[in-house]
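# Residue-level structural notes
Here is how the chains run, residue by residue.
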Amino acid sequence: EWEIVSFAPVDHGFAAIGLADKFNSTAAITDLGWRDGDCQLALRDGGVFLAWAEREPRSLRCDGSPLPFTFDRTSGRLQAEIPAGQPRTLVVRWS
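About the criteria used
- Residues numbered from 1 in each chain as written.
- Predicted model: local features only at pLDDT ≥ 70, side-chain atom pairs only at ≥ 80, totals over all residues.
- Heavy atoms only, no water.
- Core = buried A, V, L, I, M, F, W, Y, C linked by side-chain atoms within 4.5 Å.
- Buried < 20%, exposed > 50% of the residue type's maximum accessible area, 1.4 Å probe, protein only.
- Contact = heavy atoms within 4.5 Å.
- Salt bridge = Lys/Arg side-chain N within 4 Å of Asp/Glu carboxyl O.
- Helix = DSSP H or I, 4+ residues; strand = E, 2+ residues; numbered from the N terminus.

Right, let's get into the nonpolar core. Nonpolar side chains tend to gather and get buried jointly when the protein is soluble and globular. Grouped together as the largest cluster of nonpolar side chains are 21 residues, with contacts concentrated most on Phe14, Leu41, Phe49, Leu90 and Val92. In this structure Leu41 touches Ala16, Ile29, Asp31, Leu32, Phe49, Arg88, Thr89, Leu90 and Val92, once residues within four positions along its chain are discounted.

Right, let's get into the pattern of salt bridges. Pairing between side chains of opposite charge can happen when the charged atoms of each approach one another. A complete count under the given rule lists 3 salt bridges for this structure. With a shortest N-O distance of 4.0 Å, Asp38 and Arg93 are connected by a salt bridge. Of this pair, Asp38 sits in strand E3 (residues 38-43) while Arg93 sits in strand E9 (residues 88-93), placing them 55 residues apart in sequence. With relative accessibility at 11%, the residue Asp38 sits in the buried group. Taking the shortest distance from any N to any O, the salt bridge between Glu56 and Arg73 comes out at 2.8 Å. Here Glu56, found in the loop between strand E4 (47-53) and strand E5 (59-62), pairs with Arg73, found in the loop between strand E7 (70-71) and strand E8 (77-82); they are 17 residues apart in sequence, far enough to count as distant.

A few words now on unusual backbone geometry. Positive phi, close to 55°, is recorded for His12, a residue that is not glycine. For His12, the location among the structural elements is in the segment before strand E1 (14-19). One non-glycine residue with positive phi stands out, namely Asp36, at about 50°. Here Asp36 lies in the loop between strand E2 (29-35) and E3.

What follows is the structure in structure tokens.
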């Protein structure tokens, strides 16, 4: 029996944990930056994206298209299913 623990820095009230269905979830994030209060992430592939957020985002977009997501206000858990098969760009918008 074993457990894997991942750490992600909290920046602007947001911590991108990565792709939860990958062995090394945080390594799936190849780039992360902020612009006008929104977070843009480059991902190695698709999968189950997981993050913690202080407040609910207004929207998520994957490669420019709207992406459905779930947000738990109690825990701050943000989750979305990102189409797999190629590198992806994800934008988390609050503004």
